[in-house]
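# Reading the structure
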Amino acid sequence: MAAHEFFHIVTPLNIHSEIIERFNFVQPTGSQHLWLYEGTTEWAAHMMQLRGGLITLDEYLATLRNKVGYSQERADTTYSLKRLGLNSFSDEGQQQYGNIYQRGALTASLLDLRLLELSGGKRGLREVLLELASNTARASP
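Residues numbered from 1 in each chain as written. Predicted model: local features only at pLDDT ≥ 70, side-chain atom pairs only at ≥ 80, totals over all residues. Heavy atoms only, no water.

### Here we look at the overall build of the chain
To keep it simple, the criterion reads: Per the convention used, a helix needs a DSSP run of H or I reaching at least four residues, while a strand needs a run of E reaching at least two, with both numbered from the N terminus. Here's how the labels work: a residue is buried when its accessible area is under 20% of the maximum for its type, exposed when over 50%, partly exposed in between, all with a 1.4 Å probe on protein chains only. By definition, residues are in contact when any of their heavy atoms lie within 4.5 Å. The accessible surface values rely on the Shrake-Rupley method and a 1.4 Å probe; as for residues, cover is taken only from the protein chains in view.
Assigned secondary structure in the chain consists of eight helices and zero strands. Going from N to C terminus, the chain has its helices and strands arranged as α-α-α-α-α-α-α-α. Counting the 141 residues in the chain, one finds 38% classified as buried. Pairs at least 24 residues apart make up 61% of the contacts formed inside the chain by residues separated by at least 6 positions. Surface summary for the chain: the accessible area is close to 8,700 Å², and the carbon and sulfur share equals 57%.

Now the structure itself:
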């Protein structure tokens, strides 16, 4: 859990849409990018533990299997991540909210694999997120 919260330094603090930049805490508005903020953060937390040797590859893969199981057994698989993000403050969205951490992290995992595949193993999701955060920091006043 600590690793997940630590990675919020990157998303959504450094990588976010205008809705999050100017978030209205009195009348909150959902964001279609919630999967990116929470799912990618969840993915990064587990990847950090894997890369740091705190968990084995088998333990990491078991975590992914558990996320698939949660998504299939406890969530509505027809409820898209975009819809979940936009409805996250409604009663309907709250019923599905746990899946943002499950399917969101799985989506980030698949995106990481695809980026690594396309770059010949040179550039995964971690590198893209760090570059986006760096660009955002340079663009800030």
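### Things to note about the side chain of Lys67
This is how it is decided: Whenever two N or O atoms come within 3.5 Å, that pair is a polar contact, provided that in protein one can donate a hydrogen and the other can accept it, and provided that, for residues adjacent in sequence, both atoms are side-chain atoms.
Mapped onto the fold, Lys67 is located in helix H4 (residues 57-74). Given a relative accessible area of 5%, Lys67 falls into the buried group. Separated by 3.4 Å, the side chain of Lys67 and the backbone oxygen of Tyr101 make a polar contact. Contacts of Lys67, omitting those with residues within four sequence positions, involve Glu42, His46, Tyr101, Gln102, Ala105 and Leu106.

### Side note on the nonpolar core
So the rule is basically this: Among buried residues, those of type Ala, Val, Leu, Ile, Met, Phe, Trp, Tyr and Cys that are joined through side-chain atoms within 4.5 Å constitute a nonpolar core.
By size, the foremost hydrophobic cluster in this structure holds eleven residues: Trp43, Ala44, Met47, Ile55, Tyr60, Leu64, Ala105, Leu106, Ala108, Leu125 and Leu129. Elements with a contribution of two residues or more to this core: helix H3 (34-51), H4, helix H7 (99-118) and helix H8 (125-139). Counting residues in each nonpolar core, the second largest holds eight residues, with Leu36, Tyr37, Leu84 and Ile100 among its members.

### Things to note about the pattern of salt bridges
Rule in force here: One speaks of a salt bridge when a side-chain nitrogen belonging to Lys or Arg is within 4 Å of a carboxyl oxygen belonging to Asp or Glu.
Under the defined criterion, the tally for this structure stands at five salt bridges. One salt bridge in this structure joins Glu42 and Lys67, with 2.9 Å as the shortest N-O distance. With a gap of 25 residues between them, Glu42 in helix H3 and Lys67 in helix H4 connect regions that are remote in the sequence. Linking Arg114 and Glu117 is a salt bridge whose minimum nitrogen-to-oxygen distance equals 2.5 Å. On the criterion of helical spacing, the pair formed by Arg114 and Glu117 is a turn pair, its members being three residues apart in helix H7.

### With respect to the environment of Thr29
Position of Thr29 relative to the elements: it lies in the loop between helix H2 (18-21) and H3. Judged by relative accessible area, which is 44%, Thr29 ranks as partly exposed. Note: C-alpha distance between Thr29 and Ser88 (59 residues apart in sequence) is 8.4 Å.

### With respect to the packing of aromatic side chains
So the rule is basically this: What counts as a ring pair is set by centres within 6.5 Å for rings of Phe, Tyr and Trp (its six-membered ring), and what kind of pair is set by the plane angle: stacked under 30 degrees, edge-to-face over 60, tilted for all other angles.
In this structure the tally under the stated criterion is one aromatic pair. Between the aromatic rings of Tyr97 and Tyr101, the centroid separation amounts to 5.8 Å while the plane-to-plane angle is 75°, which identifies the pairing as edge-to-face. When its relative accessible area of 24% is taken as the criterion, Tyr101 is described as partly exposed.

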